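Topology and contacts: notes
Listed here are the chains, written in short residue letters.
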Amino acid sequence: MPVGVLVGPVIPGLTNAEIPAILAAAREAGAGSAGYTLLRLPLTGAPVFVEWLEREQPGRAGRVLAQIRRAREGRLNDSDFATRMAGTGAMAGQIAGLFRLCARRLGLDGRLPALDSSRFTPPTPRSGQMRLF
């Protein structure tokens, strides 16, 4: 069965440097494709993350928050559907470039093959499965 891996959330300035090792481990474990998502800090998530970051990484917190803002047009979150998972700007571009380069080098940049659904049969009243709608 084809397997893909999702690397996320990638935290600019904190975990983006780990992308090559994560993808290499995923490939070694049998992954055939990979994707990533950039950290999002909507509503109440932002204060919790900031408090954790300042407590656990006090020397890096300011730099990490600045890099997140660089990837989010000055904000900690971007709710725009088109950009919220990957960000915008130079920092987001650097992360995307690193991810693409590593994924391509490891052969993880392809699409998973189409799944075979020929053995699927819709549920019937006799099967005991109830209808959803």
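One structure accompanies this document, and this report is about it. (Residues numbered from 1 in each chain as written. Predicted model: local features only at pLDDT ≥ 70, side-chain atom pairs only at ≥ 80, totals over all residues. Heavy atoms only, no water.)

Regarding the nonpolar core
With 17 residues, the main nonpolar core has V7, V10, I19, L23, Y36, I95 and F99 as its most contacted residues. Looking at this core, the elements that each hand over two or more residues are β1 (4-10), α1 (19-28), β2 (33-38) and α4 (89-105). Among the elements that make up this core, the one with the highest residue count is α4 (7 residues). In contact with V7, other than residues within four places in its own chain, are I22, L23, G35, Y36, T37 and F99. Grouped together as the second largest cluster of nonpolar side chains are 13 residues, V50, L53, V64 and I68 included. (Core = buried A, V, L, I, M, F, W, Y, C linked by side-chain atoms within 4.5 Å. Buried < 20%, exposed > 50% of the residue type's maximum accessible area, 1.4 Å probe, protein only. Helix = DSSP H or I, 4+ residues; strand = E, 2+ residues; numbered from the N terminus. Contact = heavy atoms within 4.5 Å.)

Digging into the packing of aromatic side chains
In total, this model carries 2 aromatic pairs according to the counting rule given. Plain terms: the ring middles of Y36 and F99 are 4.9 Å apart, the flat faces sit at 40° to each other, and that makes the pair tilted. Of the two residues, Y36 is situated in strand β2 and F99 in helix α4; the sequence distance between them amounts to 63 residues. Using a relative accessible area of 5% as the deciding quantity, one classes F99 as buried. Aromatic pair F49 and W52: ring centres 5.8 Å apart, planes at 35°, arrangement tilted. (Phe/Tyr/Trp six-rings, centres within 6.5 Å; stacked < 30°, edge-to-face > 60°.)

A look at the pairing of β1
Where β1 meets β2, 5 bridges bridge the pair, whose relative direction is parallel. Following the sheet pairing, V7 is matched in β2 by Y36. The parallel pair β1 and β2, bridged by α1, forms a crossover whose chirality is right-handed. (Pairing = 2+ DSSP bridges. Right-handed = clockwise from strand over helix to strand, strands pointing away.)

Remarks on the side chain of Q67
Along the chain, Q67 falls in helix α3 (residues 61-70). Residue classification places Q67 among the buried positions, given a relative accessible area of 10%. With near-sequence residues (within four places) excluded, Q67 lies in contact with P12, G13 and M91.

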